[in-house]
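Tertiary structure, described
Here is how the chains run, residue by residue.
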Amino acid sequence: MNTDPTRRDSPAPVVLRAHGIRRAFALGKARSLEILHGIDIALHRGERVALMGASGAGKSTLLHILGLLDRPDEGEIEIDGRDPWACSVAERASIRNQRLGFVFQFYHLLPELTAIENVLLPSMIARGAVDWRRSRGELRARAEHALAEFGLADRMRHKPPQLSGGERQRVAIARALFTDPELLLADEPTGNLDKATGETVLELLLAEQEKRGLSMLLVTHDSRLAAHCERVLTIEDGVIQADSAHPIPL
Ligand SMILES: Nc1ncnc2c1ncn2[C@@H]1O[C@H](COP(=O)(O)OP(=O)(O)O)[C@@H](O)[C@H]1O
Ligand SMILES: [Mg+2]
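We now turn to the structure provided with this report.

Procedures and definitions
- Residues numbered from 1 in each chain as written.
- Chains lettered and ligands numbered in written order.
- Predicted model: local features only at pLDDT ≥ 70, side-chain atom pairs only at ≥ 80, totals over all residues.
- Heavy atoms only, no water.
- Helix = DSSP H or I, 4+ residues; strand = E, 2+ residues; numbered from the N terminus.
- Rg over C-alpha atoms; globule rule 2.2 N^0.38 Å.
- Contact = heavy atoms within 4.5 Å.
- Lys, Arg positive; Asp, Glu negative; His and termini not counted.
- Charge placed at Lys NZ, Arg CZ, Asp CG, Glu CD.
- Near = heavy atom within 4 Å.
- Polar contact = N/O pair within 3.5 Å; in protein donor to acceptor, adjacent residues only side chain to side chain.
- Phe/Tyr/Trp six-rings, centres within 6.5 Å; stacked < 30°, edge-to-face > 60°.
- Buried < 20%, exposed > 50% of the residue type's maximum accessible area, 1.4 Å probe, protein only.
- Lys NZ or Arg CZ within 6 Å of the ring centre and 35° of its normal.
- Axes fitted to C-alpha atoms, helices over the stretch in contact; angles between N-to-C directions.
- Parallel < 35°, antiparallel > 145°, perpendicular 65-115°, else oblique.
- Left-handed = near helix turned anticlockwise from the far one by under 90°.
- Nonpolar A, V, L, I, M, F, W, Y, C, P; charged D, E, K, R; others polar.
- Pairing = 2+ DSSP bridges.
- Expected span 1.5 Å × (residues − 1).

1. Things to note about the overall build of the protein
When helices and strands are tallied, the protein shows seven helices and nine strands. A compact globule built from 250 residues would reach a C-alpha radius of gyration of about 18 Å, and the protein, at 18 Å, matches this within 12%. Here the contacts in the protein between residues at least 6 apart in sequence split such that 71% fall between residues at least 24 apart. For the protein, the separation between the mean place of its 32 positive charges and that of its 35 negative charges on side chains is 6 Å.

Structure (structure tokens):
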């Protein structure tokens, strides 16, 4: 396999690299079960990569690790040339907040906040009270614009329980994109939607990814969708089986 980064087909820089990722979960007091047995992955700027694998294979576990929501037991992650787990808690939070965007199957919106407040929340957390007060007018206008672009002009002050599944996921996508991340991690983003709604949401997601030149790792069971990705990676037996036509560039 080609392991020389200067010899890739595309010269796009690496946005995130992970090497030798292992993760086990406790099974009762004495035993544990290892789910990820040493995952190697590199995601390049602007590329769309599908992640497939049977239910329970460890796709969500891997996405959480790549998104710094969970720490691997072993292995290294590099974002922007830095190891986020060697950084301070605040620096790591800032990497997560500024560089990465998440879209989850079950939206993960806060039910007590309105759509626009959900979109604004990550920026609010990132800025701190003083900076937030100074910039909130401008940010609010930008969030309104983003929601309107996603067809939610009349839903901005609705709370998630008052929104349909498709609307919730569009809010979640607007939230994920609001901080202008470099990498979007999407975990079965249409898995909870009916077919037609899922297709609309997916079109929106893919259009934004292309427009913004984002790198995207998309967990999906849909092989038609995977065919629209530049690479298809499959998790099996705790490791990544690369698409043989597109070996994983490390
Ligand atoms: N926090 C956890 N504690 C214990 N087991 C877990 C935890 N998270 C995931 N698992 C187990 O790890 C395996 C992989 O889960 P997951 O990554 O969610 O799979 P996938 O997303 O591919 O369906 C499953 O068997 C699941 O039960
Ligand atoms: Mg999952």
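2. Some points on the site of ligand 1
In the vicinity of ligand 1, the contacting residues are Phe25, Ile35, Ala54, Ser55, Gly56, Ala57, Gly58, Lys59, Ser60 and Thr61. Between ligand 1 and Lys59, the relevant distance is 2.8 Å, taken from an oxygen atom to a side-chain nitrogen or oxygen of the residue. Ser60 has a polar side-chain atom sitting 2.9 Å from an oxygen atom of ligand 1. The element contributing the most residues to the shell around ligand 1 is helix H1 (residues 59-66), with three residues.

3. Section: the packing of aromatic side chains
Within the structure shown, the criterion is met by one aromatic pair. Consider the rings of Phe102 and Phe104, whose centres lie 5.6 Å apart with planes at 5°: the pair is stacked. Exposure remark for Phe102: the relative accessible area of 14% places this residue in the buried category. Residue placement shows Arg142 over the ring face of Phe178; its charged tip is 4.3 Å from the ring centre.

4. Things to note about the packing of helix H5 (residues 165-178) against helix H6 (residues 195-212)
Interhelical geometry of H5 versus H6 gives an angle of 15° and a closest axis separation of 10 Å. Between H5 and H6, the interaxial angle falls into the category roughly parallel. Helix-helix and strand crossings are classified by hand; for H5 and H6 the assignment is right-handed. Side by side, H5 and H6 meet where Gly166, Gln169, Arg170, Ile173 and Leu177 of the first sit next to Thr197, Val201, Leu204, Leu205, Glu208 and Arg212 of the second. Class assignment of the residues belonging to the contact of H5 with H6 gives a composition of five nonpolar, three polar and three charged.

5. Description of the sheet that holds strand S4 (residues 74-79)
Read across the sheet, three strands follow the order S2-S1-S4 without closing on themselves; strand pairing throughout is antiparallel. For this open sheet the edge positions go to strand S2 (31-44) and S4, each flanked by a neighbour on one side alone. The mean inter-strand angle of the sheet, taken between neighbouring strand axes irrespective of direction, is 20°. Both strand S1 (residues 14-27) and S2 contribute to a ladder of eleven bridges, which runs antiparallel. Across the sheet, residue Ile21 finds its bridge partner in S2, namely Ile39.

6. Quick notes on H6
Its 18 residues give H6 an end-to-end C-alpha distance of 26 Å, which sits within 8% of 26 Å, the value for a rise of 1.5 Å per residue. Listed in full, the buried residues belonging to H6 are Gly198, Val201, Leu202, Leu204, Leu205, Leu206, Glu208 and Gln209. Residues of H6 that are buried sit in contact with strand S3 (48-52), strand S5 (100-103), H5, strand S6 (183-187), strand S7 (215-219) and helix H7 (223-226). Taken from the residues just after H6, Gly213 is the one with a positive phi, measuring 65°.

Any functional reading would require information beyond the geometric quantities listed.
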